[in-house]
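# Residue-level structure breakdown
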Amino acid sequence: MGIGISLAPLARAVARRGGIGTISSAGLAAIVSKRLGRKVNDREAAAIEVAEAKQGGGCIAINIMVALHQAFTDSILGALDGGVDAIILGAGLPTNLPEELATSEVALIPIVSSVKALRIIQRRWLERLQRPPDAVILEGPLAGGHLGFSPQDVDKEEFRLEKLFGPVKEFAQKNGDYPVIVAGGIYYHDDIVRWVNEFGADGVQMGTRFAATYESGASPAFKQAILECKKEDIIVANKPGSPCGLPFRIIKTSPGYQLALTRTRPPKCNRGLVLRKDEAGKFTVCSAKDSHNSFCICNVLLSAHGFTDKEEPIFTIGGRGHLVDRILSVDELMDELIGLNGLPAGG
Ligand SMILES: Cc1cc2nc3c(=O)[nH]c(=O)nc-3n(C[C@H](O)[C@H](O)[C@H](O)COP(=O)(O)O)c2cc1C
């Protein structure tokens, strides 16, 4: 979870308990530079964070978003330098990957929201790298962060995770028989059991519940906002929305969103980390002057991590985030998820 929500402390704690601890590469160079008090580039930052997470043992992944165009290749190479076990690629179609990955043993895992996207990715990876995905993450419309659906489709019955799963599982089985991991709205032990036993998923990816742990890099205000938010506070922001042109699920009371609704000035954007989709659907490098319908995704998220006060924070959250009622340690959460601590199994 970016920016700065899943760093080495969270990933290490998850990996230590047998999960795949996933670091986010978003904004990592700025975060690691600040922490070390010296400037590091994208490649060094990924290598340092991965190596630090790996020290606790277990399996460490890094999530690298295609939309982070500038840092994309260097983040991949840095993660390899750091000894990462898996690279998870989302927020766009990861079709242009460095050739180093053709011979690397690292697991390559795309995030998709449709079988169509998986088909395209698999064809390109076979052509370019001579390897299919090692697993795929199918992210449904209840996920936090950017969503791979048009704003009109997010709430449609046909795009529910349960509906998307069958075709993706069938494709994966017939084209390399690799695992399908589901994400979006999975909160409790019972959810996991249902997905694995009833539907045949091979694993789950969870975001919001881990954002609300002591080990997560979310600011205290972010964690408090998760605890306080009600169902009706969780919305999909579009206009104003993320400059990436994808719907973005947030807590509507986030100070940065409230400001964006009434703002008369352009967003304070000084980073240009992401690609922005213009009115004609063309991708250009994001900059403040043409971002009238958006907030500065980098600064509002860096603010939610407590890194900057250049913009007010916006808190991203999954569609069932209102169910989170306490901050836990990763150990307590993992106990609950594997059904150890006898707490209510969920709703
Ligand atoms: C705070 C937060 C930050 C996230 N950041 C990213 C990200 O940087 N890249 C990404 O691919 N997904 C991101 N996501 C999506 C999660 O990785 C995950 O797939 C999703 O939230 C699962 O749904 P859940 O929150 O209902 O468990 C984020 C989610 C949250 C809640």
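These numbers were taken from a predicted model, which means no experiment stands behind them.

### Describing the overall build of the chain
Broken down by element type, the chain carries 13 helices and 12 strands. Taking 347 residues into account, the globule formula puts the C-alpha radius of gyration at 20 Å, and the chain, at 19 Å, falls close to it. With the principal axes as the frame, the chain shows a C-alpha extent of 50 × 45 × 40 Å. Per-residue burial over the chain gives 52% buried out of 347 residues. The long-range share in the chain, meaning contacts at least 24 apart out of those at least 6 apart in sequence, stands at 67%.

### A short note on the site of the ligand
For the ligand, the set of nearby residues contains 28 residues, the closest of which are Gly2, Gly144, Gly145, Gly207 and Gly318. Elements supplying a minimum of two residues to the shell around the ligand: strand E2 (59-65) and helix H9 (208-211). Its residues placed into classes, the shell around the ligand shows 13 nonpolar, 13 polar and 2 charged.

### Some details on the domain arrangement of the chain
The extent of an interface is frequently quoted as the accessible surface area lost upon association of the parts. Each assigned domain of the chain is listed here: domain 1 (8-217 + 325-337) and domain 2 (221-304). The distance between the C-alpha centroids of domain 1 and domain 2 comes to 22 Å. The interface of domain 1 with domain 2 comprises 18 residues on the first partner and 16 residues on the second.

### Here we look at the packing of helix H1 (residues 8-16) against helix H3 (residues 42-54)
Packing of H1 against H3 leaves a shortest axis separation of 8 Å and a crossing angle of 35°. Between H1 and H3 the crossing geometry is right-handed. For the pair formed by H1 and H3, the contact residues are Ala8, Ala11, Arg12 and Ala15 on the first element and Glu49, Glu52 and Ala53 on the second.

### A few points about the nonpolar core
Val50, Ile62, Ile87, Val136, Leu138 and Val182 are the most contacted members of the largest nonpolar core, which has 105 residues in total. Counting contributing residues per domain, this core is built from domain 1 (8-217 + 325-337) and domain 2 (221-304), each supplying no fewer than three. If we ignore the near neighbours within four places in the chain, the residues touching Ile62 are Thr22, Ile23, Ser25, Ala46, Val50, Ala79, Val84, Ile87 and Ile88.

### Regarding helix H6 (residues 115-129)
Think of an α-helix as 3.6 residues a turn; residues three or four steps apart then line up on the same face. For H6, with 15 residues, the first-to-last C-alpha span of 20 Å sits near the 21 Å given by 1.5 Å per residue. For H6, the elements touching its buried residues are strand E4 (107-112), strand E5 (136-139) and helix H7 (161-174). Just downstream of H6, Gln130 is the residue with a positive phi angle, here 55°.

### As for the sheet that holds strand E6 (residues 145-146)
Within the open sheet, the 3 strands sit side by side as E6-E10-E9. Their pairing is antiparallel. Looking at strand neighbours, the two that pair on one side only are E6 and strand E9 (234-237), the edges of this open sheet. Taken together, the 4 bridges between E9 and strand E10 (residues 248-251) define a ladder with antiparallel strand orientation. Residue pairing in the sheet places Ile234 in a bridge with Ile251 of E10.

### Here we look at the pairing of E4
By the criterion of burial, E4 is predominantly enclosed, with 5 of the 6 residues buried. Strand direction decides the pairing type here: strand E3 (residues 86-90) and E4, joined by 4 bridges, are parallel. Looking across to E4, one finds that Ile88 is bridged to Ile109. In the sheet, E4 pairs with E5 via 2 bridges, with the strands oriented parallel. Within E5, the position partnered with Ile111 by the bridge is Ile137. Following the chain from E4 across H6 to the adjacent parallel E5, one finds a crossover that is right-handed.

### A closer look at the pairing of strand E7 (residues 180-183)
Each regular strand shows side chains that alternate between the opposite faces of the sheet. Going residue by residue along E7, you find Val180 and Val182 tucked away on one face and Ile181 and Ala183 tucked away on the opposite face as well. Across 4 bridges, the pairing between E5 and E7 is parallel. Bridge assignment links Ile137 to a residue of E7, and that residue is Ile181. Bridging between E7 and strand E8 (residues 203-205) involves 3 bridges; their strand directions are parallel. Directly across from Ile181, in E8, lies its bridge partner Gly203. Handedness of the crossover joining E7 and E8 through helix H8 (residues 189-199) is recorded here as right-handed.

### Concerning the environment of Glu332
Mapped onto the fold, Glu332 is located in helix H13 (residues 330-337). Exposure remark for Glu332: the 16 C-beta atoms within 10 Å place this residue in the partly exposed category. A sequence separation of 119 residues divides Glu332 from Thr213, and the C-alpha atoms of the two residues are 9.2 Å apart.

### Concerning the environment of Arg160
With respect to the element layout, Arg160 can be found in the loop between E6 and H7. We classify Arg160 as partly exposed; it has 15 C-beta atoms within 10 Å. Taking the C-alpha atoms as reference points, Arg160 and Arg16, separated by 144 residues in sequence, lie 32 Å from one another.

Thresholds, definitions, all that
- Residues numbered from 1 in each chain as written.
- Predicted model: local features only at pLDDT ≥ 70, side-chain atom pairs only at ≥ 80, totals over all residues.
- Helix = DSSP H or I, 4+ residues; strand = E, 2+ residues; numbered from the N terminus.
- Rg over C-alpha atoms; globule rule 2.2 N^0.38 Å.
- Buried ≥ 20, exposed ≤ 12 C-beta atoms within 10 Å, placed from the backbone.
- Contact = placed C-beta atoms within 7 Å.
- Near = placed C-beta within 6 Å.
- Nonpolar A, V, L, I, M, F, W, Y, C, P; charged D, E, K, R; others polar.
- Domains from an automatic or database assignment.
- Axes fitted to C-alpha atoms, helices over the stretch in contact; angles between N-to-C directions.
- Left-handed = near helix turned anticlockwise from the far one by under 90°.
- Core = buried A, V, L, I, M, F, W, Y, C linked by C-beta atoms within 7 Å.
- Expected span 1.5 Å × (residues − 1).
- Pairing = 2+ DSSP bridges.
- Right-handed = clockwise from strand over helix to strand, strands pointing away.

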